[in-house]
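Overview (structure and organization)
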Amino acid sequence: MTSKENICSNDLGYTLGILLLRLWLGVRAFQTGIEKFAGSGKPVDSTVLVDGAPNTYGLTETTATKVYAMSNYNGVPAPLYDKFINEPLIPEFALNIYNVVLGPALIILGLTLFLGIATRFSLFLMGLIYTSLTFGLILIKQDAGIAWLGVHIIMIVMALALAKYNKFAIFKKW
Amino acid sequence: MDFKLPSLSRREFLSKSTIGAGLVLGAPSILKAKASGSPGDDIRVGFIGCGKQQEVLFNAMVNIPGIRYVAACDIMKARVGRTFSAIKSRFNYNINRYLSAEEMLDKEDLDAVFVATPDFWHAPHTVMALEAGCHVYCEKMMSNTIEGARSIVAAMDRTGKLCQIGHQRRSNPRYQFVLNELIQNENVCGQIININGQWNRALSSSQDIVSKPSILPEANILREYGFNAGADHTLSLEELRHRFLNWRFYTELSGGPISDLGAHQIDIFNWFLGTQPKSVMASGGRSYFKDREHFDNVMCIFEYETALGSARAFYQVLTTTSSGGGYYETFMGTDGTIEMSEREAYTNIYKESGADSTKWDELVRRGLLKKESVGVAAGGSDAIASYESAPPDKYALPGGMSKQPHTPHVENFYGAIRGDTKLTCDARHALESEAPIYWVNPAANSHEIINFTEEHLHA
């Protein structure tokens, strides 16, 4: 095997590596943003079967369906919002802006990463979002969540390090 | 040739006809014979008492078809107005408003009446409505005295009218399923030896009710309606209004917490065991609300003799704490425990480790139970093996009820009026179940066990 073939082989690995990181981080951000629009639809009642036949008592089993709607949107989940609002280092107006921006930002950055549009810039912005989330979790002492976001940051840094091998992209500048 | 028949209400017809007396007893069969589906088939309904419980009942029946709301009465004008508005906004028609039940029953042609007044008025209003030819749904307790409750049974028998008592769990499909299928048919509990029930309420839910004075009845009205009963001095307007809003605190007006809250659940003890208790011992105190006439906390033990052996039922009603998981009735047997509650969230079923697993697995397979989790020992360094029992597996009912808790009971009442079904809790059966409850406060006051005789419990 020649040294040229070795270089090509290494490049292919890096190219696939950045592609995988882009896909993972893109899906992770995009679907997280979409889920902020999820809520419960109208519950559906079905009759409970006993011995294979509808029970005679009228017992029902309620199945809640999941629906997506603009009206369901919560950028910061309500339990976290209630905690953040009481934090002196988080002004209410800033929290409200963050609440509005977070979901769309995750969706847009997820899409740009997935499609390869300004990959390095997208990765950097995504890293800033995860850093801001880390700040909030530090205040409310959610160490497990902080560690989980730390893993995301490591993956983003790895993707930035491999950015020069980013071949399957729509817009490579930035 | 045109004929115009004279306008005559059914009540006028019954009272004026020479055969009216005979038809009164036959009235249920007349109602049963009516063709369904036509507007004339609507059950004409009136309300006596328009407070909170009437609101609960009305909300439970708003989706039941075939009802025509006709009239409502309450001595508090604002409450009647609220009922009028609720019906107007929901159904877009007007009802007639009264301040007197007698006047309403005299003037209106009603098929059914809902009595949701203070406990000490249940019996007079129910008897009055039954004798006016109406079927009656009366809130529990039937009365603040056992004599009052007996007068309802007598009036029901005398008039031949239906009288449903508001022990709504009796019509709840979850309760019916547990009793008929799990306890009676499948005997999942084995021998039920102990029962434990409670209704614990936080202090915040046990405070005095207050209202804007300008909408409350005047002193002469409150005296006329007996809100001064048992007072040892002439009550001021403020005192009378406190009694009007907080009648549950006064011994002459209600049975207190054991009656308000305990009656629902002690009824389940008797219903599920299929028998009345043999005795009661009780303890109670005005431990926090020292100025209230009734006990704020009561604990009692009923002893039963069932076909399988003796059993004991402990019940507590506490108005100073919400601890202990709200309200439930737990039936503890040798094979399993069923923790029932009107709230699905408080309902759990447990299999003893020694019970036949094959049988329980089969119940799951057939759809009678759902398995939730396998019992896991708590463990820890403080556990001493010889003290511990193997943890029970946890199960759940296969389904729930997709209606408000009172709706099936009201549906049963209307169904019985139409002749489609039998009442699940008529006054006679209700009194058989309620009778022991009337003796809890006397037992707590005397600190003596009351061994029940026919005299204590008969209907």
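Comments concerning the overall build of chain A
On a plain count of helices and strands, chain A comes out with five helices and six strands. The order of helices and strands in chain A, counted from the N terminus, is α-β-β-β-β-β-β-α-α-α-α. Scaling as 2.2 N^0.38, a compact globule of 174 residues should have a C-alpha radius of gyration of about 16 Å, whereas chain A reaches 22 Å, well beyond that. Considered along the principal axes of its C-alpha atoms, chain A spans approximately 80 × 50 × 30 Å. For chain A, with 174 residues in total, the buried portion stands at 34%. For chain A, long-range pairs separated by at least 24 residues make up 71% of all intrachain contacts whose partners lie at least 6 apart in sequence. Carbon and sulfur atoms form 70% of the exposed surface of chain A, whose accessible area is close to 10,600 Å². In chain A, the 13 positive side-chain charges and the 10 negative ones have mean positions that sit 17 Å from each other.

Some words on the domain arrangement of chain A
Residue and element names in this part refer to chain A. By domain assignment, chain A separates into domain 1 (16-37 + 73-174) and domain 2 (39-72). Measuring from the centre of the C-alpha atoms in domain 1 to the corresponding centre in domain 2 gives 35 Å. Taken residue by residue, the interface counts seven residues in domain 1 and eight residues in domain 2. Taken together, both faces of the contact between domain 1 and domain 2 bury some 480 Å²; the carbon and sulfur share is 44%. Sorting the residues of domain 1 by area buried against domain 2 places Glu35, Phe37 and Tyr73 first, and these three jointly supply 87% of that buried surface. Between domain 1 and domain 2 we count one salt bridge in total. Glu35 is the salt-bridge partner of Lys66, the closest N and O atoms lying 2.7 Å from each other. Per-class residue counts for the side of domain 1 that touches domain 2 are three nonpolar, two polar and two charged.

Points about the packing of helix 3 (residues 92-115) of chain A against helix 4 (residues 119-139) of chain A
Residue and element names in this part refer to chain A. Running from amino to carboxyl end, helix 3 crosses helix 4 at an angle of 145 degrees, the nearest separation of the two axes being 10 Å. Of the two elements, helix 3 crosses helix 4, and the hand of that crossing is left-handed. The segment helix 3 lies against helix 4, with Tyr98, Leu102, Ala105, Leu106, Leu109, Gly110, Thr112 and Leu113 engaging Thr119, Ser122, Leu123, Leu125, Met126, Ile129, Ser132 and Leu133. Partitioning the contact of helix 3 with helix 4 into residue classes produces eleven nonpolar, five polar and no charged.

What counts and how
Residues numbered from 1 in each chain as written. Chains lettered and ligands numbered in written order. Predicted model: local features only at pLDDT ≥ 70, side-chain atom pairs only at ≥ 80, totals over all residues. Heavy atoms only, no water. Helix = DSSP H or I, 4+ residues; strand = E, 2+ residues; numbered from the N terminus. Rg over C-alpha atoms; globule rule 2.2 N^0.38 Å. Buried < 20%, exposed > 50% of the residue type's maximum accessible area, 1.4 Å probe, protein only. Contact = heavy atoms within 4.5 Å. Areas by Shrake-Rupley, 256 points an atom, 1.4 Å probe, with all protein chains shown as cover. Lys, Arg positive; Asp, Glu negative; His and termini not counted. Charge placed at Lys NZ, Arg CZ, Asp CG, Glu CD. Domains from an automatic or database assignment. Buried area = accessible area lost by both parts, 1.4 Å probe. Salt bridge = Lys/Arg side-chain N within 4 Å of Asp/Glu carboxyl O. Nonpolar A, V, L, I, M, F, W, Y, C, P; charged D, E, K, R; others polar. Axes fitted to C-alpha atoms, helices over the stretch in contact; angles between N-to-C directions. Left-handed = near helix turned anticlockwise from the far one by under 90°.

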